[in-house]
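# Notes for the structure review
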Amino acid sequence: MQRNSLKAFAVGAVGCLALGLLPGCGGESSTTTSPDSASDATANPAAGTSATGTGTLVIRANGEDFVREGFTTKDGWAIEFDHVYVSLSEITAAQTDPPFDPDAGTDLQAKAEVRVEGTQVVDLAEGDESAEPVVVSEVEAPAGRFNALAWRMVPAETGPSEDHTIWMQGTATKAGETVPFTLKLTEELAFTCGDFVGDERKGVLAAGDVADLEATFHFDHLFGDGDAPADDSLNTGALGFDPFAALARNGVVDLDSAALQAGLSETDYTTFLSILPSLGHVGEGHCREVRLTTL
Amino acid sequence: MKFKFALAWALGAASLGGPVLAHGVVLEHRQLSSVEVAAQFETGEPMANAQVLVYAPDNPSEPWQQGNTDDQGRFSFVPDTTLVGNWEVMVRQAGHGAIATIPIGAATGGEATNLALEAEAEPSPESLISPSTTLSPVQRGITIGSVIWGFIGTALFFARGKR
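Because the structure is predicted, anything quoted here is derived from the model rather than measured. (Residues numbered from 1 in each chain as written. Chains lettered and ligands numbered in written order. Predicted model: local features only at pLDDT ≥ 70, side-chain atom pairs only at ≥ 80, totals over all residues. Heavy atoms only, no water.)

This part is about the state of the cysteines. Residues and elements named next belong to chain A. The full count for this structure, using the stated rule, is one disulfide over all chains. Covalently, C193 is tied to C287 through a disulfide, its sulfur atoms 2.0 Å apart. Residues C193 and C287 are joined by a disulfide whose S-S torsion is about 100 degrees; by sign, that bridge is right-handed. Separated by 94 residues along the polypeptide, C193 in strand β9 (residues 189-193) and C287 in strand β14 (residues 287-289) bring together distant segments of the chain. Residue C193 shares its accessibility class with C287, and that shared class is buried. (Disulfide = S-S within 2.5 Å. Helix = DSSP H or I, 4+ residues; strand = E, 2+ residues; numbered from the N terminus. Buried < 20%, exposed > 50% of the residue type's maximum accessible area, 1.4 Å probe, protein only.)

Below, the structure is given as structure tokens:
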């Protein structure tokens, strides 16, 4: 009898032991989970999620002071822009949670989004030094925190920059020589960006209120900045204006993408193509370019 | 230009140490949860003396705290853990900047946990790893099978009767 009782105890104990050990195993193979804050954040409109009501979201495009005021390139050319047309399409503003990180390789997870219909062409050189960044569109949008912005650059359907995505027109002066230039690009680009980084925060939209978002273009990445040190990575990675000036005919630079491919050295053309995906920003915040970089 | 943020989040129970009296001097200490941000350019150069703006979850428009990184590009702050949600740290210098988002939940207490996170910009919420208290489907199946096996074994034992 005593032996049978021991057997019963042993059989039951094995089952219970298996049951008891497993939670311990589960604890050791811990899984990655979102912290409590992630779920709590969804209840907080300021933290990037939808609130009740709607407001007006103003989408702007900004070529910064480089475009409106002119600047000196890394190789000493004083650039003045008359026009910088950019053709923007599929402009989408989104409230994301978690916040979108363009450098992380993760997808943008929109809780709410609004889109500007059609293709918009704006002149980034419009206005003087004190001008506000040019308005691309105004859309009614759900209140909340718009912390992501995406857009495509497609050929303009009409207007002075028709058939081109970026059209830069101005003058470049160096050592008393002034060269009128027009750079007409057809490369298509697509940018997906995170939160605006700058002097002020943007995209915080309260019901009945107005908030800005901004697509920012860093043309100093293409030409370099004479005010920055020569060994600054901005300048070491920039093309400057000399390669374009070398392609002038009768003192005028008038080049489209095909002429650039044909005229620039292989190294310079590769550099040129590598710079285009870095033009798009949100203030100082980065964007992920997915069109040209995947060709 | 891209940045790298290294975040170290020392999460511990806020505690107040008892006063130490020595010749009329009173010292008290508190152990607090702190977040340390290390910002550097992608070249590896620290973003020294860069502007830092810390935004609390309840007000993304106005900085909760401002400061500058040190010579090594580091900046630390002690968040108010009653403000649950995504804290944001914006680091800017010479026309370049980035934001790190740090999800902070309710204070958990217990032993200190060190999280060394490194990312090019923002760590995702999944970067915070917490032990799971739930079982995987395989573990759940084994558990259920073990219980059933235990009951069957016990029942068969008593069903044998006396020989």
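Read on, since the account is not over.
What follows covers the layout of surface pockets. Here the largest pocket defines a volume of roughly 930 Å³. The wall of the largest pocket is formed by 43 residues, among which E64 and E284 of chain A together with A94, G95 and H96 of chain B lie closest to the centre. Of all the secondary-structure elements, those providing two or more residues to the lining of the largest pocket are β1 (50-62), α3 (64-69), β11 (210-217), α4 (220-223) and α5 (233-236) of chain A together with β10 (85-93) of chain B. In terms of residues, the lining of the largest pocket owes the most to one element, α3 of chain A, which gives five residues. Classifying every residue of the lining of the largest pocket by side-chain character gives twelve nonpolar, 13 polar and 18 charged. (1 Å grid on protein atoms, 1.4 Å probe; cavity = no way out; pocket = protein on both sides within 12 Å on 5 of 7 lines; lining within 4 Å. Points joined across faces, edges and corners; volume = space filled by probe spheres on them. Nonpolar A, V, L, I, M, F, W, Y, C, P; charged D, E, K, R; others polar.)

Glancing now at the packing of aromatic side chains. Residue and element names in this part refer to chain A. As enumerated under the stated definition, the model contains 19 aromatic pairs over all chains in all. Between F81 and F219, the aromatic rings sit 6.5 Å apart at their centres with planes inclined by 50 degrees, giving tilted as the arrangement. Note that F81 is positioned in strand β3 (residues 78-96) and F219 in the loop between β11 and α4, a separation of 138 residues in sequence. What makes F81 buried here is its relative accessible area of 9%. Ring pairs connect the aromatic residues F66, F71, W77, F81, W151, F181, F191, F217, F219, F223, F241 and F244, which therefore count as one cluster. The aromatic ring of F196 is capped on one face by K202, whose charged end is 5.2 Å from the ring centroid. (Phe/Tyr/Trp six-rings, centres within 6.5 Å; stacked < 30°, edge-to-face > 60°. Lys NZ or Arg CZ within 6 Å of the ring centre and 35° of its normal.)

The next thing to look at is a negative patch on the surface. Negative charge collects at one region of the surface, where E69, E80, D82, D128 and E129 of chain A lie side by side. When you line up the elements, E69 of chain A lands in helix α3. (Patch = residues over 30% accessible without salt bridge, like charges linked within 9 Å, V, L, I, M, F, W, Y side chains within 5 Å. Areas by Shrake-Rupley, 256 points an atom, 1.4 Å probe, with all protein chains shown as cover. Salt bridge = Lys/Arg side-chain N within 4 Å of Asp/Glu carboxyl O. Lys, Arg positive; Asp, Glu negative; His and termini not counted. Charge placed at Lys NZ, Arg CZ, Asp CG, Glu CD.)

Turning our eyes to something else, we now look at the sheet that holds strand β8 (residues 65-68) of chain B. Residue and element names in this part refer to chain B. Read from one edge of the open sheet, four strands run β8-β7-β10-β11, paired in antiparallel fashion. Looking at strand neighbours, the two that pair on one side only are β8 and β11 (96-104), the edges of this open sheet. Taking the axes of each pair of neighbouring strands and ignoring which way they run, one obtains an average angle of 20 degrees across the sheet. Where β10 and β11 come together, nine bridges link them in antiparallel fashion. For Q93, the partnering residue across the bridge sits in β11 and is H96. (Pairing = 2+ DSSP bridges. Axes fitted to C-alpha atoms, helices over the stretch in contact; angles between N-to-C directions.)

Moving on to the environment of V197 of chain A. Topologically, V197 of chain A is positioned in the loop between β9 and β10 (204-205). For V197 of chain A and G283 of chain A, which are 86 residues apart along the polypeptide, the C-alpha to C-alpha distance reads 5.1 Å. Excluding its chain neighbours within four sequence positions, the residues that come into contact with V197 of chain A are V282, G283, E284 and G285 of chain A together with M90, R92, G97, A98 and I99 of chain B. (Contact = heavy atoms within 4.5 Å.)

What follows deals with unusual backbone geometry. All names here are of chain A. Here D97 and P98 are connected by a cis peptide whose omega angle stands at 10 degrees. The topology assignment puts P98 in the loop between β3 and β4 (110-123). With a phi close to 50 degrees, E90 is a non-glycine residue in the positive phi region. Locating E90 in the fold gives a position in strand β3. Overall, E90 belongs to the partly exposed group, its relative accessible area being 36%. Positive phi, close to 55 degrees, is recorded for N250, a residue that is not glycine. Inspection of the secondary structure assignment puts N250 in the loop between α6 (242-245) and β12 (253-256). Classification of N250 by relative accessible area gives exposed; the value is 83%.

This next bit is on the nonpolar core. As a rule of thumb, nonpolar side chains are buried together in soluble globular proteins. W151, M168 and F244 of chain A are the most contacted members of the largest nonpolar core, which totals 62 residues. A per-element tally of this core places β3 of chain A first, with seven residues. Dropping the residues within four chain positions of it, M168 of chain A is found in contact with F81, H83, V84, F181, T182, L183, L185, F219, L222 and F223 of chain A. Among the nonpolar cores identified, the runner-up in size contains 17 residues, and V37, A39, W87 and I104 of chain B belong to it. (Core = buried A, V, L, I, M, F, W, Y, C linked by side-chain atoms within 4.5 Å.)

A few words on the confidence of the model for chain B. Residue and element names in this part refer to chain B. Across chain B, pLDDT averages 70, with 58% of residues at or above 70. For the stretch residues 10-15, pLDDT sits under 50, and the model shows 20 contacts to residues farther than four places along the chain or on other chains. Taken together, the chains of this predicted complex give a pTM of 0.73 and an interface ipTM of 0.74. (pLDDT = per-residue confidence, 0-100.)

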